[in-house]
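Results of the structural survey
Chain by chain, the residues run as shown.
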Amino acid sequence: MSFWEYLGSRHQQLLTDAFQHASAVFQCMVLATVTGVLTGIATYRSAWAGNLATTATSSILTVPSLAFIGLLIPVVGLGVPPTVIALTLYGLLPIVRNAIVGLRGVDPALVDAARGIGMSGPMRLARVELPLAWPPILTGIRVSTQMLMGIAAVAAYASGPGLGNEIFRGLASLGSRNALNQVLAGTLGIVILALLFDAAYVLIGRLTIPRGIRG
Amino acid sequence: MAEPAPTATHGATIELEGLTKRYPGSAQPAVDRVNMEIKAGETVVFVGPSGCGKSTTLKMINRLIEPTGGRIRIGGEDVTGIDPVKLRRKVGYAIQSSGLFPHMTVAQNIALVPRMTGWPKSRLRQRVEEMLDLVGLDPGEFHGRYPRQLSGGQQQRVGVARALAADPPVLLMDEPFGAVDPITRDHLQDELIRLQRELHKTIVFVTHDFDEAIKLGDRIAVLRERSHIAQFDTPEAILTNPADDFVSGFVGAGAALKRLNLTRVRDVEMRGYPTVTVDTPLQQIFGYLRDGGTNEILLLDRRRRPYKWLRRGDLMRARGSLARAGTLVHDTVTRDATLRDALEAVLTDNAGRVAVTGRRGEFIGVVDMETLMNSVHELLEADRLEAMEHQHELEEARSRQTHFEQEGDAGEKKA
């Protein structure tokens, strides 16, 4: 069976997997973004807290994903929980780091001006600091998403959802007729999803970064 | 806040009482017991070398820097303990390089403070237009622009518009014109003077440029290290009678020349001058020149604007034709020109005099070297007397206070 024939016969299954893959990554990204930005906000003002947050999140990233998911199985079981936990944690680093860098990079004169015209702390954060730090944060989110696309494939190891299932099935039956097609379909599917997400981020950037600070 | 008053709020007094800032870990306070009374509607300029604490003192007025001692009263109300966010919304604040938020449009920047203080939406839009108009920017053209699309001078104007948008009685300006080129700075200063004439806010302005201080200040506080007041007086008094070597060092050379900037042509005595108009019959002009005991007359055009200087021999040489006779008036000054401008014009004029004109360019009088010198001497003499009197008063007040304090101490000891 050629690759195209394989796609034709399995498109239903592939589309379901692709959708689940995308949906898992998207949901974990939302979680990672909220946690990451909040961590950034909580720590950027203090040198040591900021560094601690960056170091902690980057050390998570050094754990091999397969091992990490494997280690989670005895604790939280199979399926969705280990996938969500692993993806969210892996996604944190770029977001936390860029949020801290972005918030620290806001011109102190502007913060001074914001204070001087009578903005309260939360208002300053919402109206001045976060909007100005948003472009680097969005970049972090983008990098994070690309990374999670790949890592999400590993989630299939813990019976998680997504295109990883195709890849693992193929790898398990290497030598059989459809093994290569399965691996190829899963991999290409992930690449295409990643490109689609990236395009979406470009659009989001256009829509959410004010014209006054667009590069 | 209720519906904002349609008329502009005038200035409020600012009183600083023993205002002190001490940073932890440093032996000396950064600002040491500043006492100062700023009158409502007055422009006071803090001037001093960098690091003297002038900026710190300013930032304590809106408590961007929390004082460690002393009190601040604005319009009689003690604001040392109130919520700083509320305080700052009532005090305009403009800084160097404008401090505009780059992600907001000009209109959004200006509307920030009124919006925070709860102005109704309908009023906001109108207010933005008003403010742009006030600082000399076309509302239609500028309100949708982003700060990076403006020149440095325009950004600074918007910065001032934002500071004034909620109509605060007090405006604090921290070296606002420090980052723009000299020509733009000059324009902005003129603009601020014009604004202040309309608005009568209480302005506290920080600069390290003494000439800027002279130009803008009703009174100048020359500060030395730790914000100690070396002299707090009118520009005239500081120029003619600096309190000590530190102040005279800061005033720099050419105090008398700088004094010329403070007086307008309208304040000095002008000489009348024999004039004729282009409609005067030639015969009469000849008559004037022959019998009038004057060497020169000024020929005015039909709208009584200075046109030509006519000397006795000119008409002869031009064979009786007014069109060819005399020298064209190439430079005039208005009554609002400073004496410095007038001196400049007199010096460049080859006969050493310049015609002064009114609002529509009509002739009013003439100033020349002699009148200028007389007025300057008189001015300087008057300044000196006034300054001496003022000093005397201060000394008296001080001695009364010491006396009182000593008495008070003695009383306490007895008790």
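Residues numbered from 1 in each chain as written. Chains lettered and ligands numbered in written order. Predicted model: local features only at pLDDT ≥ 70, side-chain atom pairs only at ≥ 80, totals over all residues.

1. Topic: the overall build of chain B
The following threshold applies: Labels follow the DSSP assignment, with helices taken as runs of H or I lasting at least four residues and strands as runs of E lasting at least two, numbered in each case from the N terminus. Exposure classification rests on a simple neighbour count of other C-beta atoms within 10 Å of a residue's own: a residue reaching 20 or more is buried, one at 12 or fewer is exposed, and one in between is partly exposed. C-beta atoms are placed from the backbone. Two residues qualify as being in contact provided that their C-beta atoms, derived from the backbone, are within 7 Å of each other.
When its secondary structure is counted, chain B shows 15 helices and 17 strands. Summarising its shape, the C-alpha atoms of chain B cover approximately 90 × 60 × 35 Å along the three principal directions. Counting across all 415 residues of chain B, residues that qualify as buried make up 39%. Taking the contacts inside chain B whose residues are at least 6 apart along the sequence as the reference set, 64% of them involve residues at least 24 apart.

2. Points about the sheet that holds strand β1 (residues 14-21) of chain B
Residues and elements named next belong to chain B. Note the cut-off: Here, any two strands with at least 2 DSSP bridges between them count as paired. To get an axis, fit a line to the C-alpha atoms, keeping to the stretch in contact for a helix; angles then go from 0 to 180 degrees between the N-to-C directions.
One open sheet holds the four strands; their spatial order is β2-β1-β4-β5, and the pairing between them is antiparallel. Where the open sheet ends on each side, the last strands, each with one partner, are β2 (31-38) and β5 (77-78). Bridge count between strand β4 (residues 69-74) and β5: two bridges; the pairing is antiparallel. Among the inter-strand pairings, arginine 73 is bridged to a residue of β5, identified as aspartate 78. On top of the sheet, helix α1 (residues 54-61) reaches β1, β2 and β4; it is set at about 120° to β1, its chief contact.

3. Points about the packing of helix α3 (residues 106-116) of chain B against helix α4 (residues 121-134) of chain B
Helix-helix packing is characterised by the crossing angle of the two axes and by the distance between the axes. Residues and elements named next belong to chain B. Using the following cut-off: Orientation labels follow simple angle bins: below 35 degrees gives roughly parallel, above 145 gives roughly antiparallel, 65 to 115 gives roughly perpendicular, and whatever is left gives oblique. Helix crossings get a hand from a simple test, with the near helix turned counterclockwise from the far one by less than a right angle marking a left-handed crossing and a clockwise turn marking a right-handed one.
Between α3 and α4, the shortest axis-to-axis distance is 9 Å and the interhelical angle comes to 120°. One finds that α3 runs oblique with respect to α4. Every pair of crossing elements has a handedness; the one defined by α3 and α4 is right-handed. For the pair α3 and α4, the contacting residues are Ala107, Ile110, Ala111, Pro114 and Arg115 in the first and Leu124, Arg127, Val128 and Met131 in the second.

4. Focus on the packing of helix α1 (residues 3-43) of chain A against helix α4 (residues 80-104) of chain A
All names here are of chain A. Quick reminder of the rule: Here the term charged refers only to Asp, Glu, Lys and Arg, the term nonpolar to Ala, Val, Leu, Ile, Met, Phe, Trp, Tyr, Cys and Pro, and the term polar to all other amino acids, Gly among them.
Running from amino to carboxyl end, α1 crosses α4 at an angle of 40°, the nearest separation of the two axes being 7 Å. Accordingly, the angle class assigned to the pair α1 and α4 is oblique. The element α1 and its partner α4 pack so that their crossing is right-handed. A per-class count over the contact of α1 with α4 returns 16 nonpolar, nine polar and no charged.

5. Some words on the UniProt feature "transmembrane region" (unreviewed entry) in chain A
Residues and elements named next belong to chain A. Where we set the bar: UniProt positions are given in the numbering used here, feature names are shortened, and annotations may be inferred rather than shown by experiment.
This chain's UniProt record puts "transmembrane region" (unreviewed entry) on residues 24-44 and 179-204. The annotated region residues 24-44 carries 95% helix and 0% strand content, and the separation between its end C-alpha atoms amounts to 29 Å. Secondary structure content for residues 179-204 is 100% helix and 0% strand, while the C-alpha to C-alpha distance between its ends is 38 Å.

6. With respect to the sheet that holds strand β17 (residues 363-368) of chain B
Residues and elements named next belong to chain B. Taken in spatial order, the three strands of this open sheet run β15-β16-β17, and their pairing is mixed. The outermost strands of the open sheet, each flanked by one partner alone, are β15 (332-334) and β17. Taken pair by pair, the neighbouring strands of this sheet meet at an average axis angle of 35°, ignoring direction. Alignment of β15 against strand β16 (residues 353-357), held across three bridges, turns out to be parallel. From the neighbouring strand, threonine 334 faces β16, where its bridge partner is threonine 357.

7. Some words on the pairing of strand β3 (residues 43-47) of chain B
Residue and element names in this part refer to chain B. For β3, a buried count of five out of five residues is recorded, marking the element as mostly surrounded by other parts of the structure. Residues Thr43, Val45 and Val47 point to one face of β3 and Val44 and Phe46 to the other, with burial holding for every one of them. Inspection of the sheet shows β3 paired to strand β8 (residues 202-207) by five bridges, in the parallel sense. Each bridged residue has a counterpart across the sheet, and for valine 47 the counterpart in β8 is threonine 207. The pairing of β3 with strand β9 (residues 219-223) spans four bridges and is classified as parallel. Bridge assignment links valine 47 to a residue of β9, and that residue is valine 222.

8. Considering the UniProt feature "domain: ABC transporter" (unreviewed entry) in chain B
UniProt's feature table lists "domain: ABC transporter" (unreviewed entry) at residues 14-251 of chain B, given in the numbering used throughout. Here residues 14-251 of chain B is 39% helix and 23% strand, with 26 Å between the C-alpha atoms at its ends.

9. Quick look at unusual backbone geometry
For B:Glu175, which is not glycine, the phi dihedral falls at a positive 45°. Checked against the element boundaries, B:Glu175 lands in the loop between β7 (170-174) and α7 (182-199).

10. Overview of the interface of chain B and chain A
Taken together, the contact between chain B and chain A spans 20 residues of the former and 16 residues of the latter. Among the residues forming the side of chain B that touches chain A, the class breakdown is 12 nonpolar, four polar and four charged.

11. Concerning the confidence of the model for chain B
Residues and elements named next belong to chain B. Note the cut-off: One number per residue, pLDDT, summarises how confident the predictor is, and it ranges from 0 to 100.
Residues of chain B with pLDDT of at least 70 account for 95%, and the chain-wide mean is 84. Note that pLDDT drops below 50 for residues 1-6; the model gives that stretch five contacts with residues more than four away or on any other chain. Taken as a whole, residues 410-415 scores under 50 in pLDDT and shows zero contacts with residues more than four places along the chain or in a different chain.

12. Structural notes on the environment of B:Leu315
On the secondary structure map, B:Leu315 appears in helix α13 (residues 312-317). Residues B:Leu315 and B:Pro147, 168 residues apart in the sequence, show an inter-C-alpha distance of 61 Å.

13. With respect to the pairing of strand β12 (residues 296-300) of chain B
All names here are of chain B. In terms of burial, β12 is a largely internal element, four of the five residues being buried. Here strand β11 (residues 275-277) runs beside β12; their pairing, made up of three bridges, is parallel. Across the sheet, residue valine 276 finds its bridge partner in β12, namely leucine 299. Bridge count for β12 against strand β13 (residues 306-311) is five bridges, and the pairing is antiparallel. Bridging from a neighbouring strand, glutamate 296 pairs with arginine 311 of β13. Between β12 and β13, which pair antiparallel and follow one another directly, the connecting turn spans five residues, one of which, arginine 304, has a positive phi of 60°.

14. Notes on helix α5 (residues 108-116) of chain A
Buried residues of α5(A): A:Leu110, A:Ala113, A:Ala114, A:Arg115 and A:Gly116, and no others. Residues of α5(A) that are buried in the fold lie against α6 (121-154) of chain A together with α2 (84-89) and β6 (91-95) of chain B. Looking one or two residues beyond α5(A), the residue adopting positive phi is A:Gly118, at roughly 95°.

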